[in-house]
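Chain residues, written in single-letter form:
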Amino acid sequence: MKRKNTKNPHNLSPREQAYDSLLAIDREGAFSNLEIQRALSRSLFSKPDAHLYTALVYGVLQNEMLLDDRISKMTKPGTRLDFEVREILRIAAFQLLMMNRIPPYAAISEAVALCGKVKPKAKGFVNGVLRNMARQSDQLKRWQASDYKDAIQALSVRTSVPKPIVDIYARAFGAKEGVRELMAVNRPSPLTIRANGLKISRDDLLKELANEGIEGVKTALSPSGIKITNASVSELTQTQAYTAGLFTIQDQGAMLIAEALSPEAGERVLDMCAAPGGKTTYLAEMMGDQGVITARDIYPSRLKLIDNQAKLLGIGCIQTEAFDGTARKAADHEQYDRVLLDAPCSGLGIIRRKPEIRYRFEFKKQRALIDMQRKMLINAVDALKPGGTLVYSTCTVDPKENAEQVRWLCRNATGLTVLNTRQIGTADDQCDGFYYAKLVKNSAQSK
Ligand SMILES: C[S@@+](CC[C@H](N)C(=O)[O-])C[C@H]1O[C@@H](n2cnc3c(N)ncnc32)[C@H](O)[C@@H]1O
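In this report, the structure presented in the accompanying data block is examined. Note that this is a predicted model, so its numbers are computed, not measured. Think of each chain on its own: its residues are numbered from 1, step by step along the sequence as written. Where totals are concerned, whole chains, interfaces and linings use all residues; where local detail is concerned, this predicted model gives features only for residues with pLDDT of at least 70, and gives and counts side-chain atom pairs only at 80 or more. Only hydrogens and water are removed before side-chain values are computed, so all heavy atoms of the structure are retained for them.

Points about the nonpolar core
Here is the rule: The term nonpolar core refers to a set of buried residues drawn from Ala, Val, Leu, Ile, Met, Phe, Trp, Tyr and Cys, joined through side-chain atoms within 4.5 Å. Here the term buried applies to any residue with accessible area under 20% of the maximum for its type, exposed to any over 50%, and partly exposed to those in between, with areas from a 1.4 Å probe on protein chains only. We count a stretch as a helix when DSSP gives it H or I for four or more residues in a row; a strand needs E for two or more, and each element gets its number in order from the N terminus. Each domain's extent is set by a domain assignment, obtained either automatically or from a database. By the convention used here, residues are in contact when the closest approach between their heavy atoms is within 4.5 Å.
Among the nonpolar cores identified, the biggest contains 46 residues, and Y169, I293 and I318 are the most heavily contacted of them. Put simply, the parts of the chain that give this core at least two residues each are α10 (163–173), α15 (252–261), α16 (278–286), β6 (292–297) and α17 (300–313). Three or more residues apiece are contributed to this core by two domains, here domain 2 (145–184) and domain 4 (252–441). Ignoring anything within four residues of it in the chain, the contact list for I318 reads T280, T281, A284, I293, A295, I306 and A310. The next biggest cluster of nonpolar side chains, apart from the first, holds 44 residues, and it includes I25, L52, M74 and A122.

Here it is in structure tokens:
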């Protein structure tokens, strides 16, 4: 059942494939979105089976701590579970406690059969735990904050978000709003697209898509976005509108970042961390493909993604260049009208799309990211012409990587004015948790 030994992946059932994928994510460090894409592209699943597989992988990842808590109530204190057994129990517990349409016998018998293949000795144990769970499911579905030692612990288990991240959300949004944001991170993410203004208006794109059976509504915050209401990513990418380059799939929060930079036709723009290019291509569309965008990233292979996407969208003004944004380039000095620094970050604002990020967060890694962001910020300011505009953005909610970095920059670079900052949220904005700060480099700056 292990990935490397999988002889015929096409024969796996949705539950077996979910187990295989969850081991890849939890044990081998795969990213959920890529793993799901990989598995679906190789499987021969019917549409309902593909839905079940995807729901199981996301459902277990989003509820791992809550499921483990429920499983621990069914086992003797101190019971140590093998990785494989725990994953099988989580998949079945998710079906028993959090999916309404699955008959308990189906969840249990498939879990026991799977256990028979990968850990035969634990078959009886798994059967016993799950039968008890099914019997007590009404009680186990009820969740009470008073069962936990404090409010933070209760919220952490309820949302399956580790305590340090619960604290970070409280610092970012305040205690009350932080709870609302955390409760929103396990809800399904909307599928949004951005009309390619070089080729079509948003209204006409809605009509084109309707002709292909795809429905959507205009996004509330971005003037270019459409929220798709009846199709999946793979269905969207099979439309004629997609192959004609009429739109890009993008979270609305990412659209707001590019809009904050508000580039104009004919300008020189630097996008320091550009791949895979979602924001770069929007900048080009806003510029009417007039001017030059230098799109950099440290990984040449990722720059190809930008080139391919620009070609699909009919964009010619983007020049890609492999470069380390922490290194200073003398030739950049005061060359750019606008700079976008969409920095590498802890990603705590996108845990609804990539739930596994929450279990991988480490303060030590975050400290290294903060140092990297600071080096990049100094280089971004250096590259700006006097009077030029900088947008610094992240897909995290942690003030340490956001507002505190902007304060640090203003202390360490002279002549900057902060025009506005925004923490985009999930509960009300319906976006991933992006942050941005828009700054201007004063023209009369002493050099
Ligand atoms: C948040 S992502 C950028 C997303 C992109 N702006 C978009 O909208 O599609 C951060 C990017 O920074 C790149 N990166 C990481 N370290 C870097 C470095 N030292 N210099 C330049 N780019 C780097 C990563 O490869 C990644 O593509």
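Focus on the packing of helix α4 (residues 64–72) against helix α5 (residues 83–98)
Spelled out, the test is: In this analysis, axes come from line fits to C-alpha atoms, helices being fitted only over the stretch in contact, and the angle between any two N-to-C directions falls in the range 0 to 180 degrees. Here the angle decides the label: under 35 degrees means roughly parallel, over 145 means roughly antiparallel, 65 to 115 means roughly perpendicular, and every other value means oblique.
Packing of α4 against α5 leaves a shortest axis separation of 9 Å and a crossing angle of 95 degrees. The pairing of α4 with α5 is recorded here as roughly perpendicular in orientation. From α4, E64, L66, L67, D68, R70 and I71 reach across to α5, where they touch R86, L89, R90, A93, F94, L97 and M98.

Concerning the pattern of salt bridges
Close approach of charged atoms allows side chains with opposite charge to pair. We apply this condition: By salt bridge we mean one thing: a side-chain nitrogen of Lys or Arg within 4 Å of a carboxyl oxygen of Asp or Glu.
Tallied over the full model, the rule gives 33 salt bridges. Between E84 and R27 there is a salt bridge whose closest N-O contact spans 3.1 Å. Residue E84 is found in helix α5, and its partner R27 is found in the loop between α1 (14–26) and α2 (32–42); the two are separated by 57 residues along the sequence. Here K385 makes a salt bridge to D337, at a shortest N to O gap of 3.0 Å. Of this pair, K385 sits in strand β9 (residues 384–394) while D337 sits in strand β8 (residues 336–342); the two residues are 48 residues apart in sequence, bridging distant segments of the chain. In this structure K385 comes out as partly exposed when scored by relative accessible area, which is 29%.

Some remarks on the layout of surface pockets
If a probe as big as a water molecule is rolled over the atoms, it shows which places are left empty. Where we set the bar: Points on a 1 Å grid over protein atoms alone make up a cavity when a 1.4 Å probe fits among them but cannot get out, and a pocket when they form an open set with protein on both sides within 12 Å along at least five of seven lines; lining residues each have an atom within 4 Å of a point. Grid points are joined across faces, edges and corners, and a volume is the space filled by probe spheres set on the points. Note on residue classes: Ala, Val, Leu, Ile, Met, Phe, Trp, Tyr, Cys and Pro are nonpolar, Asp, Glu, Lys and Arg are charged, and everything else, Gly too, is polar.
By volume, the second largest pocket is sized at about 150 Å³. In terms of lining, the second largest pocket is formed by R70, K73, M74, Q136, Q139, L140, R142, Q144 and D147. Looking at side-chain class alone, the lining of the second largest pocket contains 2 nonpolar, 3 polar and 4 charged residues.

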